[in-house]
Amino acid sequence: ASSSEQQRAAASSSKEQDRMCGSVVAKTKARDVPHLPRLLQVILGIVNIFAFGVGVIIAGILNCDLSDIIIGILQLVIPFVGWVWAVIWGVLMVLRRV
C-alpha cells in the first residue's frame, strides 16, 4: 500500500473514532438510554442498577449499538462515577418503560 493510501486509511479511522466518541457523548448528555421491548428493558435496567453497566452492555449487544456497549463498559470500569451513572441509567431505563 502506498503512503497516501495509508494516510487516507488513518484519516478515515480517526474520523470514525471521533464520530463514535461524539455519539457516546451525545447519548450521555441526552440521557438516551437503550430502547428495547418493555419487559426486557425493565429487566436490563434493574440489572444495570445492581451489576453496574452490564444491563447497558447487554442492551447494546442486542441492539447492535456500539455506543451503548461503550457506555456500559465505562459504567463498569470507572470507580464511583460509573456506579452513579449506571444507577441513574438503570432507573431511567425502568422509568421510561413503566
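Only a predicted model underlies this, so the values are computations on that prediction, with no experimental measurement involved.

Things to note about the overall build of the protein
Of regular secondary structure, the protein possesses 5 helices and 0 strands. For the protein, the sequential pattern of α-helices and β-strands runs α-α-α-α-α. Relative to its length of 98 residues, the protein is extended, with a C-alpha radius of gyration of 16 Å against a globular reference of 13 Å. For the protein, the spread of C-alpha atoms along the three principal axes comes to 55 × 30 × 20 Å. The burial tally for the protein puts 32% of its 98 residues in the buried class. Surface summary for the protein: the accessible area is close to 6000 Å², and the carbon and sulfur share equals 69%. Side chains of the protein give 9 positive and 6 negative charges; the mean places of these two sets differ by 9 Å.

Focus: the packing of helix H3 (residues 54–63) against helix H4 (residues 66–77)
At their nearest, the axes of H3 and H4 sit 7 Å apart, and the two run at 165 degrees to each other. Taken together, the axes of H3 and H4 are roughly antiparallel relative to one another. Here the hand of the crossing between H3 and H4 comes out left-handed. Between H3, through Val54, Val56, Ile57, Gly60, Ile61 and Asn63, and H4, the contact on the second element is made entirely by Asp68, Ile69, Ile71, Gly72, Ile73, Gln75 and Leu76. Its residues assigned to classes, the contact of H3 with H4 shows 8 nonpolar, 4 polar and 1 charged.

Points about the nonpolar core
Grouped together as the largest cluster of nonpolar side chains are 12 residues: Met20, Val24, Val33, Leu36, Leu44, Val56, Ala59, Ile71, Trp85, Trp89, Leu92 and Met93. Where this core is concerned, the elements lending two or more residues are helix H1 (3–29), H3 and helix H5 (81–95). Among the elements that line this core, the one with the most residues is H5, at 4 residues. In contact with Ala59, not counting residues within four places along its chain, are Pro34, Leu36, Leu44 and Met93.

Some details on the confidence of the model for the protein
Taken as a whole, the protein shows an average pLDDT of 88; of its residues, 92% reach a score of 70 or greater. Per-element confidence in the protein is highest for H3, whose mean pLDDT is 97, and lowest for H1, whose mean pLDDT is 76.

Rules used in this analysis
- Residues numbered from 1 in each chain as written.
- Predicted model: local features only at pLDDT ≥ 70, side-chain atom pairs only at ≥ 80, totals over all residues.
- Heavy atoms only, no water.
- Helix = DSSP H or I, 4+ residues; strand = E, 2+ residues; numbered from the N terminus.
- Rg over C-alpha atoms; globule rule 2.2 N^0.38 Å.
- Buried < 20%, exposed > 50% of the residue type's maximum accessible area, 1.4 Å probe, protein only.
- Areas by Shrake-Rupley, 256 points an atom, 1.4 Å probe, with all protein chains shown as cover.
- Lys, Arg positive; Asp, Glu negative; His and termini not counted.
- Charge placed at Lys NZ, Arg CZ, Asp CG, Glu CD.
- Axes fitted to C-alpha atoms, helices over the stretch in contact; angles between N-to-C directions.
- Parallel < 35°, antiparallel > 145°, perpendicular 65-115°, else oblique.
- Left-handed = near helix turned anticlockwise from the far one by under 90°.
- Contact = heavy atoms within 4.5 Å.
- Nonpolar A, V, L, I, M, F, W, Y, C, P; charged D, E, K, R; others polar.
- Core = buried A, V, L, I, M, F, W, Y, C linked by side-chain atoms within 4.5 Å.
- pLDDT = per-residue confidence, 0-100.

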